[in-house]
Amino acid sequence: VLGVVVLGIVSFVLLMFISAPYGKHLRPGWGPTINARVLWIIMEAPSPISFAVVYFMSDNAFKPVPLLLLGLYMLHYLYRSFIYPFRMTGGHKQEPIITGVLAFAFNCANGSTNAFAITELAPHLLSTSWFFDPRFLIGIVVFFAGYAINQHSDSILLSLRKPGETGYKIPYGGFYRFVSSPNYLGEIIEWIGFAFAAWTVPAWVFAWFTATNLVPRSFSNHRWYREHFSDYPKNRRAIIPFIL
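Predicted model only: the values in this text are computed from it and were never measured.

Time to look at the overall build of the chain. A count of helical and extended segments in the chain gives eight helices and two strands. Going from the N terminus to the C terminus, the chain shows its helices and strands as α-β-α-α-α-β-α-α-α-α. The dimensions of the chain, computed from C-alpha atoms along their principal axes, are 55 × 40 × 35 Å. Counting all 244 residues of the chain, 50% fall into the buried class. For the chain, the share of sequence-separated contacts (at least 6 apart) that also reach a separation of at least 24 residues comes to 79%. Within the chain, the 11 negative side-chain charges are centred at a point lying 10 Å from the centre of the 18 positive side-chain charges.

See below:
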């Protein structure tokens, strides 16, 4: 967990100056490449798999609160790992293996530590009284608000290109009225909600790491859109509506 904290700091600093080489920021010079769809599955699947393996090793796996938190985690990651890759419009592209290696390592650590914390290190989660704790109730509302923003924003992006089309377009609608990367905003909100609902150190570190990676990425996307589209909406912010 401490390693993830440090990695988050390092990632934030590096990504403020270097755009990670995938998606619209893909460029040569980052070593061997692999099919983007295959790479996505390889790097995302370890998260739900490691979470499930560690989770079901616990005698507390079938307690109500941990089960619900398992459901929240899997709601996001089963889609992100095994459904989203087949909806990607750029799944045929080649992307650097190095990005997948780093994500693979993080997701193994993140999934396993969160599962262990939920089942073994958080006594408050073993009682159904946690269902009525304000932190849990706030967390559930925040999680699903973020999930809705993330899913709707992804749907807008995926519908931009018609079959056979290539290239990029300006997305409109939903939270794209306010920011350039509402899908990232939604994901950050999701995991803040999860952290409130679980109230464990690994959950809060996960929310922290998500923000340290996606905030710089949103800045890169914002600059890219402004550089490539002269008619890009001037009132949009990068990641926080009206502010940042």
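Don't stop here, the text continues.
So, on to the environment of Leu72. With respect to the helices and strands, the residue Leu72 is situated in helix 4 (residues 64-82). For Leu72 and Tyr147, which are 75 residues apart along the polypeptide, the C-alpha to C-alpha distance reads 9.8 Å. With sequence-adjacent residues up to four places away left out, Leu72 is seen in contact with Ile140, Phe143, Phe144 and Phe194.

The subject of this paragraph is the nonpolar core. Formed by 31 residues in total, the largest nonpolar core has its most connected members in Phe51, Leu69, Trp191 and Phe194. Only helix 3 (46-55), helix 4, helix 5 (97-120), helix 6 (134-158), helix 7 (182-198) and helix 8 (201-228) provide two or more residues apiece to this core. Considering every element that reaches this core, the biggest residue donor is helix 4, with seven residues. Excluding residues that lie within four positions of it along the chain, Phe51 makes contacts with Pro46, Leu70, Tyr73, Met74, Gly111, Ser112, Asn114, Ala115 and Ile118. Within the second largest apolar cluster, nine residues are counted, among which are Val179, Tyr184, Val215 and Ala238.

Bringing the environment of Tyr225 into the picture now. Within the fold, Tyr225 resides in helix 8. Taking relative accessible area as the criterion, Tyr225 reaches 3% and is therefore assigned buried. Counting along the chain gives 119 residues from Tyr225 to Phe106, while the straight-line C-alpha distance between them is 29 Å.

With that settled, the discussion passes to the packing of aromatic side chains. For the structure shown, the criterion picks out 30 aromatic pairs. On the numbers, 4.2 Å between centres and 20° between planes, the contact of Phe51 with Tyr73 is stacked. One end of the pair, Phe51, is in helix 3; the other, Tyr73, is in helix 4, with 22 residues separating them in the sequence. Above the face of the Trp199 ring, Arg135 is positioned so that its terminal group lies 5.0 Å from the ring centre. The aromatic ring of Tyr172 is capped on one face by Arg236, whose charged end is 5.2 Å from the ring centroid.

Along the chain, Ile138 falls in helix 6. Relative accessible area serves as the criterion here: at 43%, Ile138 is assigned to the partly exposed category. Separated by 104 residues in sequence, Ile138 and Phe242 place their C-alpha atoms 24 Å apart.

With that settled, the discussion passes to the side chain of Asn114. Looking at where Asn114 falls in the secondary structure, it is placed in helix 5. Judged by its relative accessible area of 0%, Asn114 is buried. Among the polar contacts listed, one links the side chain of Asn114 to the backbone nitrogen of Ala203, at a separation of 3.2 Å. In this structure, Asn114 is in contact with Phe51, Phe194, Pro202, Ala203 and Phe206, ignoring residues within four places of it in sequence.

With the rule as written, the count across this model stands at two salt bridges. Ionic pairing is found between Asp133 and Arg135, a salt bridge with its closest N-O pair at 2.9 Å.

The next subject is unusual backbone geometry. Residues other than glycine seldom take positive phi values, yet Trp199 does so here, at roughly 55°. By relative accessible area, Trp199 is classed as partly exposed at 35%. Here the phi dihedral of Phe242 falls at roughly 70°; this positive angle occurs in a residue that is not glycine. Considering the arrangement of structural elements, one finds Phe242 in the segment after helix 8.

Scoring rules and cut-offs
- Residues numbered from 1 in each chain as written.
- Predicted model: local features only at pLDDT ≥ 70, side-chain atom pairs only at ≥ 80, totals over all residues.
- Heavy atoms only, no water.
- Helix = DSSP H or I, 4+ residues; strand = E, 2+ residues; numbered from the N terminus.
- Buried < 20%, exposed > 50% of the residue type's maximum accessible area, 1.4 Å probe, protein only.
- Contact = heavy atoms within 4.5 Å.
- Lys, Arg positive; Asp, Glu negative; His and termini not counted.
- Charge placed at Lys NZ, Arg CZ, Asp CG, Glu CD.
- Core = buried A, V, L, I, M, F, W, Y, C linked by side-chain atoms within 4.5 Å.
- Phe/Tyr/Trp six-rings, centres within 6.5 Å; stacked < 30°, edge-to-face > 60°.
- Lys NZ or Arg CZ within 6 Å of the ring centre and 35° of its normal.
- Polar contact = N/O pair within 3.5 Å; in protein donor to acceptor, adjacent residues only side chain to side chain.
- Salt bridge = Lys/Arg side-chain N within 4 Å of Asp/Glu carboxyl O.

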